[in-house]
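In case you want the letters, here they are:
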Amino acid sequence: MKFKTAFCFLLSLLCILCLSSPSDCAEIKKLDIKLQGTHIYVSTAVSLDEKHLEELKNGITKELHFYIDAFKVWNIWPDEFITGKLYVRTIQYDPVKTEHIATSSDGQTLIEKRFTSFESMLQWALSINELGIKIPQDPEPGAYFVRVTVVSKIRKLPPVLRDLLIFIPENEFKIKKDSPIFYIGNVR
């Protein structure tokens, strides 16, 4: 009898954990693409939930990684990565100077902006406007799409500790959104 009760309890706990809805901590609100010649121009914007906004207002630094990747659609095989870009945005509040600081880095250039308004800082830091991705020379004709992935990093662990402590999460959240499929070249 005890075994059946314990089994039912564990089964119901497993069902609750598996079927519970994930919290919407962030959402990609906008994903627009434009094709011009050999470039894809991507505009995207992210919205955070109240918990993350409160943490930002209280001085907790957030680091967001924006991965913007182009893929070719294949019928049988997995989609093929073509090209992409990474932007790292860091958002923080300095309570002493009462200013908001946001930085953006693409690996080559670092831009730092200071804001007096929290809303204007969020608007700049959580959106990317018309980012140009160059399509490689002579792309194969077919169907393509752009995937935007946004990852919020909690902490940076050294590689040795990261491999040993695999149960400690490094990401606060990870969200992704795919654009509608578009066609390049003469598709039959």
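The notes below deal with the structure included here. The shown structure was predicted, so the numbers you read here are calculated from the model rather than taken from an experiment.

### Structural notes on the sheet that holds strand β1 (residues 26–36)
Thought 1: Ordered in space as β1-β2-β7, the 3 strands form an open sheet in which the pairing is antiparallel. The sheet is open, and its two borders are formed by β1 and β7 (127–134), each paired with just one other strand. Across the sheet, the axes of successive neighbouring strands diverge by a mean angle of 20 degrees, strand direction being ignored.

### Section: empty space enclosed by the protein
Thought 1: Taken as a whole and assessed by the stated rule, the structure comprises 1 cavity of 30 Å³ or more.
Thought 2: Size it by volume and the largest cavity reaches roughly 30 Å³.
Thought 3: Across the lining of the largest cavity, the residue classes tally to 7 nonpolar, 1 polar and no charged.

### Topic: the pattern of salt bridges
Thought 1: Enumeration over the complete set of coordinates arrives at 6 salt bridges.
Thought 2: The salt bridge partner of glutamate 55 is lysine 62, with a shortest N-O separation of 2.2 Å. The burial state of glutamate 55 is the same as that of lysine 62; both residues are buried.
Thought 3: Among the charged side chains, a network of salt bridges with common partners joins Glu99, Glu112 and Arg114.

### What to know about a nonpolar patch on the surface
Thought 1: Taken together, the side chains of Trp74, Ile76 and Trp77 define a hydrophobic patch exposed on the protein surface, amounting to about 420 Å² of accessible area.
Thought 2: Secondary-structure assignment places tryptophan 77 in the loop between β3 (62–72) and β4 (80–94).
Thought 3: For tryptophan 77, a relative accessible area of 64% gives the class exposed.

### A word on the side chain of glutamate 63
Thought 1: Within the secondary structure, glutamate 63 sits in strand β3.
Thought 2: Glutamate 63 sits in the buried class, given a relative accessible area of 17%.
Thought 3: Looking at glutamate 63, its side chain comes within polar contact range of the side chain of histidine 65, at 2.7 Å.

Rules of the game
- Residues numbered from 1 in each chain as written.
- Predicted model: local features only at pLDDT ≥ 70, side-chain atom pairs only at ≥ 80, totals over all residues.
- Heavy atoms only, no water.
- Pairing = 2+ DSSP bridges.
- Helix = DSSP H or I, 4+ residues; strand = E, 2+ residues; numbered from the N terminus.
- Axes fitted to C-alpha atoms, helices over the stretch in contact; angles between N-to-C directions.
- 1 Å grid on protein atoms, 1.4 Å probe; cavity = no way out; pocket = protein on both sides within 12 Å on 5 of 7 lines; lining within 4 Å.
- Points joined across faces, edges and corners; volume = space filled by probe spheres on them.
- Nonpolar A, V, L, I, M, F, W, Y, C, P; charged D, E, K, R; others polar.
- Salt bridge = Lys/Arg side-chain N within 4 Å of Asp/Glu carboxyl O.
- Buried < 20%, exposed > 50% of the residue type's maximum accessible area, 1.4 Å probe, protein only.
- Patch = residues over 30% accessible without salt bridge, like charges linked within 9 Å, V, L, I, M, F, W, Y side chains within 5 Å.
- Areas by Shrake-Rupley, 256 points an atom, 1.4 Å probe, with all protein chains shown as cover.
- Polar contact = N/O pair within 3.5 Å; in protein donor to acceptor, adjacent residues only side chain to side chain.

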